[in-house]
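Summary of structural features
Here is how the chains run, residue by residue.
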Amino acid sequence: MNNLLTNSKLFLKRNSSTVLTCIGGAGVVATAVMAVKATPKAITLLEQAKEEKGEKLTKFEVVQVAGPVYIPSIVMGAATLGCVFGANVLNKRQQASLASAYALVDNSYKEYKKKVQELYGEDAHQHVREEIAKDKYEDYENDDEPDDGKELFYDDFSRRYFRATKMQVMQAEYRVNRNITIQGYARLNDFYEEMGVEPVDGGYELGWTREVCLDLYWQEWVDFSHSKTVMDDGLECTIIYMLGEPVLDFEDYC
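Residues numbered from 1 in each chain as written. Predicted model: local features only at pLDDT ≥ 70, side-chain atom pairs only at ≥ 80, totals over all residues. Heavy atoms only, no water.

Moving on: the sheet that holds strand β6 (residues 236-242). Read from one edge to the other, the open sheet built from four strands follows the order β2-β1-β6-β5, with strand pairing classed as mixed. The open sheet terminates on both sides in strands that have one partner only, identified here as β2 (160-164) and β5 (224-230). Neighbour to neighbour, the strand axes of the sheet diverge by 30° on average, direction disregarded. Taken together, the three bridges between strand β1 (residues 151-155) and β6 define a ladder with parallel strand orientation. Considered in β6, the bridge of aspartate 155 is made with isoleucine 240. Against the sheet, helix α4 (residues 166-182) contacts β1, β2, β5 and β6, and its axis sits at roughly 155° relative to β5. (Pairing = 2+ DSSP bridges. Helix = DSSP H or I, 4+ residues; strand = E, 2+ residues; numbered from the N terminus. Axes fitted to C-alpha atoms, helices over the stretch in contact; angles between N-to-C directions. Contact = heavy atoms within 4.5 Å.)

Take a look at the structure:
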């Protein structure tokens, strides 16, 4: 029994917003059904009141006669709205918690990279990143034609291989900084789409603004660095590094 109660509490805590949303959906249906069922009774009461009065009822009298019939529907509708608004509040809290957790992990990861670089030098840091890229190469499937003018690239941030032309990559990097300058922000997925690469989950919530770049990287633009490495099969690959990585909820950054 104790285990059941504990598991139930954990389930409700993790899925409270979903539960409230489901209850809200059911409440909408129940409210409509109750209102429909109450309507014939309200019509009958209004007709009886009209006959007793002998003339047309005023608006206030209509509410007095028919209003009580709809009280259950009104209560159900109010409870439904409460569930909907409650689910929205819980969703925002969960998003805030996830954002905080992401920021904590991101900061820890950046500090770790920085410390590795300080202790073992830039060459060791670069070697580690190249070896990680080579490990990911085993899962890469190339469906492009060999003579399509494209080269092999590896994005260090999303840990993905892709094929593109040098011009596509340079244009995408230029677009990121152009968007930051002109519209004040750039999104991660815009960078990938410019190169013809599939967007990533959450890539529209990750990005840069001038404030982000200035506060975190002491400049108003994003630096991209390229380094070449050779795979075990002899194929040359260019690794793309973002020296100023995107942040979550960048548009709210201040």
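Inspection of the entire model under this criterion finds four aromatic pairs. With 4.7 Å between their ring centres and 50° between their planes, tyrosine 154 and tyrosine 161 make a pair best called tilted. Tyrosine 161 matches tyrosine 154 in its accessibility class, with the two residues each being buried. Their ring planes at 25° and their centres at 5.1 Å tell us that phenylalanine 191 and phenylalanine 224 sit as a pair that is stacked. Of this pair, phenylalanine 191 sits in helix α5 (residues 188-194) while phenylalanine 224 sits in strand β5, and the two are 33 residues apart along the sequence. Like phenylalanine 191, the residue phenylalanine 224 is buried in the burial classification. Ring pairs connect the aromatic residues Phe191, Tyr192 and Phe224, which therefore count as one cluster. Against the face of tyrosine 192 rests arginine 160, its NZ or CZ located 4.7 Å from the ring centre. (Phe/Tyr/Trp six-rings, centres within 6.5 Å; stacked < 30°, edge-to-face > 60°. Buried < 20%, exposed > 50% of the residue type's maximum accessible area, 1.4 Å probe, protein only. Lys NZ or Arg CZ within 6 Å of the ring centre and 35° of its normal.)

On to the environment of leucine 57, then. Mapping leucine 57 onto the fold places it in the loop between α1 (2-53) and α2 (59-66). Relative accessible area serves as the criterion here: at 15%, leucine 57 is assigned to the buried category. Distance in space between the C-alpha atoms of leucine 57 and glutamate 47 is 9.5 Å, their sequence separation being ten residues. Here leucine 57 is in contact with Leu46, Ala49, Lys50 and Val62, once residues within four sequence places are set aside.

The biggest cluster of nonpolar side chains holds 20 residues, and the ones touching the most others in it are Phe162, Val176, Phe191, Met195 and Trp208. Listed in part, the nine residues of the second largest apolar core include Tyr154, Met231, Cys237 and Ile239. (Core = buried A, V, L, I, M, F, W, Y, C linked by side-chain atoms within 4.5 Å.)

Just distances and angles here, no functional claims.
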